[in-house]
Amino acid sequence: MTSDDKTNGRAGRTPRGTYHHGDLRQAVLAAALDAIAAEGPGALSLRDLARRAGVSHAAPAHHFKDRTGLLTAIATEGYELLAAALADPEHGSPALRERGVRYVRFAVAHPAHFQVMFRPELLRADDPDLLAAKERASAELRAGVADLPDVPDARQAGIAAWSLAHGFATLLLTHNVTAAIGDRDPEEYFRSLAGLLFTP
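Residues numbered from 1 in each chain as written. Predicted model: local features only at pLDDT ≥ 70, side-chain atom pairs only at ≥ 80, totals over all residues. Heavy atoms only, no water.

Engineer: Would you mind going over the packing of helix H6 (residues 96-109) against helix H8 (residues 128-145) with me for this structure?
Structural biologist: How two helices pack is summed up by the angle between their axes together with the distance between the axes. At their nearest, the axes of H6 and H8 sit 8 Å apart, and the two run at 145 degrees to each other. Along its contact with H6, which presents Leu96, Arg99 and Tyr103, the element H8 presents Glu140, Leu141, Ala143, Gly144 and Val145. Of the residues that constitute the contact of H6 with H8, the class distribution is 5 nonpolar, 1 polar and 2 charged. (Axes fitted to C-alpha atoms, helices over the stretch in contact; angles between N-to-C directions. Helix = DSSP H or I, 4+ residues; strand = E, 2+ residues; numbered from the N terminus. Contact = heavy atoms within 4.5 Å. Nonpolar A, V, L, I, M, F, W, Y, C, P; charged D, E, K, R; others polar.)

Engineer: Got a minute to help me understand the packing of aromatic side chains in this structure?
Structural biologist: The geometry of an aromatic ring pair is captured by two quantities: the separation of the ring centres and the angle between the planes. If you walk through the whole model with that rule in mind, you get 6 aromatic pairs. A ring pair is formed by Phe168 and Tyr189, whose centres lie 6.1 Å apart and whose planes are at 20 degrees; its orientation type is stacked. Taken together, the residues Phe168 in helix H9 (residues 154-173) and Tyr189 in helix H11 (residues 186-197) connect sequence positions 21 residues apart. Phe168 sits in the buried class, given a relative accessible area of 5%. Ring centres 5.6 Å apart and planes at 45 degrees place the aromatic pair Phe168 and Phe190 in the tilted group. Taken as a pair, Phe168 in helix H9 and Phe190 in helix H11 lie far apart in primary sequence, 22 residues in all. One exposure class covers both Phe168 and Phe190, and it is buried. Members of the aromatic cluster, each reached through a chain of ring pairs, are Tyr79, Tyr103, Phe114, Phe118 and Trp162. (Phe/Tyr/Trp six-rings, centres within 6.5 Å; stacked < 30°, edge-to-face > 60°. Buried < 20%, exposed > 50% of the residue type's maximum accessible area, 1.4 Å probe, protein only.)

Listed below in structure tokens is the structure:
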């Protein structure tokens, strides 16, 4: 019996032979996101991910080279998801406050991505896919500032808006504002906070 035959006989685990190239990569990414959500990015290991995904020990390294490559792929996917969430072309170009709400919504929906995206020490900073995805997300964030009237420094206003959305999302995910929010919807709570600083 080969090692693959043994794997195929394990209950509840997808046989390695059924994976296509892209499916295996996505299986490793999914396992990594589960691990990060449960234990944080610091606990991530390629060997453990192979076990979680039911693939060979060499599979994660084949697709991502190393742990840094895997985390960079997760961050890249996160920025792509964030850019799409902020843009939402079906509903037009949202104002700055609504972009902030979408930022918070993204963080809640993708907490593992969110944990990794803003940890440059964990990532391959010069990765072209990561840089392109970050630029798309940044462009969507900057677009909201253009709607603000009488802004003397658009870059500074953008950082202020980003700080508010990112800070609130981080506090929300770490349960530091649970008592303050109470029974209120977190998105509506953020809208009221943003209204204190930004009109649109």
